Structure formats: C-alpha cells, structure tokens
Amino acid sequence: MCESPPRLPAGFSGFGLGAPPSRSTFSNEGAVDRLWSEQPNDWLPEFAASWEPGRALDLGCGEGADAVWLAERGWDVTGIDLSATAIARMAAEAQRRGLGERVHGVVLDVTREELPAGPFDLVAAFYVHGGPMPGSLDLIELLGRGAGLVAPGGRLLTAVHCVNPPWHGHHARTYTPDELLSGLSGATQGWQVEAGCEQWREITGPDGEAGRRSDAVVCLRRPA
C-alpha cells in the first residue's frame, strides 16, 4: 500500500500539527468559509477504497473531508474534534450532500474525555501529532485507546509526519513507523500489520519553495 506515493494531503485533520488546537483556531469564522480542502487525506482512499463499509471513528476529523468521503461509500462515521466550528462545518457539508444520517460529529477534548463507544470497523487518525509540551496530546496513547474500540476484523489506520519539510516552524512531534508499531504493540498484540512504512514525497512550500517530507503510515487489523 505504501509503494506508490500519493499527492500531498489536501487537508490536515482537526487536532492538527502540534498540540491540540485551542478553540481559537476556528474563532475567526467570518474570515474564510473553510480552513482545509474538501478532499480527503490521500492515504484514506489509498487504503480504504476497497474495504467493506461499516462503522468508523475519525479522530481529529477537522472539517470532515475524510468522514464525508467514507459516508459517501456507505460508512456510518463518527468524527470527533476539539473545535465546535469544525464539527459544525462537517455537519453542514454532510447535510448538503444528503449524508446527515451517516455522519455524526462530537466536540471532544481527547486529552480529557472518553472516546465515543465502539465497536468500530475503522478507527482512523491522519496528521494528529501532539507536541512536546506537558499536557499535549499523546498520539500513541490516543491510538491505543482507539485500538480498544476496534471490532474484530476491523482496522486502525494512521498517517503522520515522519520528517517535516524545512519551512515547518511548529513543534509538532514526528514519528517513525517503528515508533508507532512499538508503541502500539501492547494494545494491538496479535494484530496483523497491513502497513508500516515511511513514504517520502516531493512537496512545494507556501512560498513556492521545493522540499521533501516523509509520512509514517501504519495500518493494523484486529483478528476476526
């Protein structure tokens, strides 16, 4: 699944590039209609296009491009995010596409609150990194909690930055595939590793500069 590099992800998820964003991330609601693209993160269709639909949990759903993409393919999706504005935008887009009954948004601080009740056939998190400061989101801990909600035969799927391009000034954590797999080994003991790879790609920065970055991509499947 990781051999062919997809495009640069079109829209990062809501928990974003560092510690979970404050609600002020979306506070200037009149400034823009949307912060992210309406296209799903590219790793999602790369993996999930052929999967049988079921229940999905999108951790850090942002404005819901991934959740809507899944719902259009028959999934029943619960998206969680810290931002009420992001959740409202996801709900509005789902309604606009006639998917309101399949997309459910929850405003939730994953560092303080319990995740929605499972089981889920897919638990996904894209570009949810956490940061180095005390109290920042711990991605591996979050994914471990998510793994506990995966149904037999279901999957845990994540992609995060492994090496950032030089223009990134934030302090988000990066992860190698081995770090993710090792950190999740207790929560996913006996699961099948469907992907655990680092994928490099050429990208263009905000001022047109060329650069490279890599993603750590992990997909684990619970035994049926």
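All values reported here derive from a predicted model rather than from experimental measurement.

J.: So what exactly am I meant to see when it comes to the overall build of the protein chain here?
T.: Counting secondary structure elements, the protein chain contains 5 helices and 7 strands. Start at the N end of the protein chain and walk to the C end: the helices and strands fall as α-β-α-β-α-β-β-α-β-α-β-β. Within the protein chain, buried positions represent 51% of all 224 residues. Within the protein chain, contacts between residues separated by at least 24 positions form 75% of all contacts whose residues are at least 6 apart in sequence. As displayed, the protein chain offers around 10,000 Å² of accessible surface, 48% of which is attributable to carbon and sulfur atoms.

J.: Got a minute to help me understand the sheet that holds strand β3 (residues 103-107) in this structure?
T.: Note on sheets: strands pair through backbone hydrogen bonds, and any given pair is parallel or antiparallel. Taken together, the 7 strands give an open sheet; going across it, the order is β3-β2-β1-β4-β5-β7-β6, and neighbouring strands pair in mixed fashion. Edge positions in the open sheet fall to β3 and β6 (192-204), since each of these has one partner strand only. Each strand axis lies, on average, 15° off the axis of its neighbour in the sheet, ignoring direction. As paired elements, strand β1 (residues 55-59) and strand β2 (residues 76-81) share 5 bridges and run parallel to each other. Bridge assignment links L59 to a residue of β2, and that residue is I80. Along the sheet, helix α3 (residues 84-96) makes contact with β2 and β3, crossing β3 at roughly 170°.

J.: I'm lost on the pairing of strand β7 (residues 210-221) in this one. Help?
T.: Regular strands show a simple pattern: their side chains alternate between the two faces of the sheet. Most of β7 sits out of view: 9 of its 12 residues are buried. Pairing geometry for strand β5 (residues 150-163) and β7, over 8 bridges, is antiparallel. Counterpart to A159 in the pairing with β7 is V217.

J.: Could you clarify how one ought to interpret the packing of aromatic side chains in this entry?
T.: Here the distance between the centres and the angle between the planes together describe a pair of aromatic rings. On inspection of all chains with the given rule, the structure shows 2 aromatic pairs. Plain terms: the ring middles of W43 and F47 are 6.2 Å apart, the flat faces sit at 50° to each other, and that makes the pair tilted. Highlighted residues: W43 and F47, both in helix α1 (residues 43-48), separated by 4 residues, approximately one helical turn. You'll find W43 and F47 in the same group, each marked buried. Ring plane angle 55° and centroid distance 6.5 Å describe the contact between F47 and W51, whose orientation is recorded as tilted.

J.: Could you clarify how one ought to interpret the confidence of the model for the protein chain in this entry?
T.: Low pLDDT means the predicted coordinates in that region are not meant to be read closely. Residue-level pLDDT values for the protein chain average 85, and 82% of them are 70 or greater. Low confidence marks residues 4-31, where pLDDT is under 50. Its contacts with residues over four positions away, or in another chain, come to 88 contacts.

J.: Hey, could you run me through the pattern of salt bridges in this one?
T.: Evaluation of the coordinates by the stated rule reveals 11 salt bridges. The shortest N-O distance in the salt bridge between R213 and D215 comes to 3.0 Å. Linked by salt bridges that have partners in common, E72, R73, E93, R96 and R97 make up one network.

J.: Help me understand the pairing of β3, please; the structure alone is not making it clear to me.
T.: As judged from the 5 bridges shared by β2 and β3, these two strands associate in the parallel manner. Paired with G79 across the two strands is G105, which belongs to β3.

J.: How do you make sense of the nonpolar core when you look at a structure like this?
T.: Side chains of a nonpolar character, in soluble globular proteins, are inclined to be buried together. Formed by 30 residues in total, the largest nonpolar core has its most connected members in L44, F47, W51, L70, L122, F126 and L157. Only α1, α2 (65-72), α3, β4 (120-126), β5, β6 and β7 provide two or more residues apiece to this core. The contact partners of L122, leaving out residues within four places of it in the chain, are L44, W51, R55, A56, L57, L70, W75, R155 and L157. Counting 28 residues, the second-largest nonpolar core is a separate cluster that includes L108, L115, W191 and A216.

J.: How should unusual backbone geometry be read in this particular structure?
T.: In terms of backbone geometry, most residues other than glycine have negative phi values and most peptide bonds are trans. Of the consecutive residues G118 and P119, the connecting peptide bond is found in the cis state with omega at 0°. With respect to the element layout, P119 can be found in the loop between β3 and β4. Residue Y127 is not a glycine yet carries a positive backbone phi of 60°. Examined against the element boundaries, Y127 turns out to sit in the loop between β4 and α4 (139-147).

Scoring rules and cut-offs
- Residues numbered from 1 in each chain as written.
- Predicted model: local features only at pLDDT ≥ 70, side-chain atom pairs only at ≥ 80, totals over all residues.
- Heavy atoms only, no water.
- Helix = DSSP H or I, 4+ residues; strand = E, 2+ residues; numbered from the N terminus.
- Buried < 20%, exposed > 50% of the residue type's maximum accessible area, 1.4 Å probe, protein only.
- Contact = heavy atoms within 4.5 Å.
- Areas by Shrake-Rupley, 256 points an atom, 1.4 Å probe, with all protein chains shown as cover.
- Pairing = 2+ DSSP bridges.
- Axes fitted to C-alpha atoms, helices over the stretch in contact; angles between N-to-C directions.
- Phe/Tyr/Trp six-rings, centres within 6.5 Å; stacked < 30°, edge-to-face > 60°.
- pLDDT = per-residue confidence, 0-100.
- Salt bridge = Lys/Arg side-chain N within 4 Å of Asp/Glu carboxyl O.
- Core = buried A, V, L, I, M, F, W, Y, C linked by side-chain atoms within 4.5 Å.

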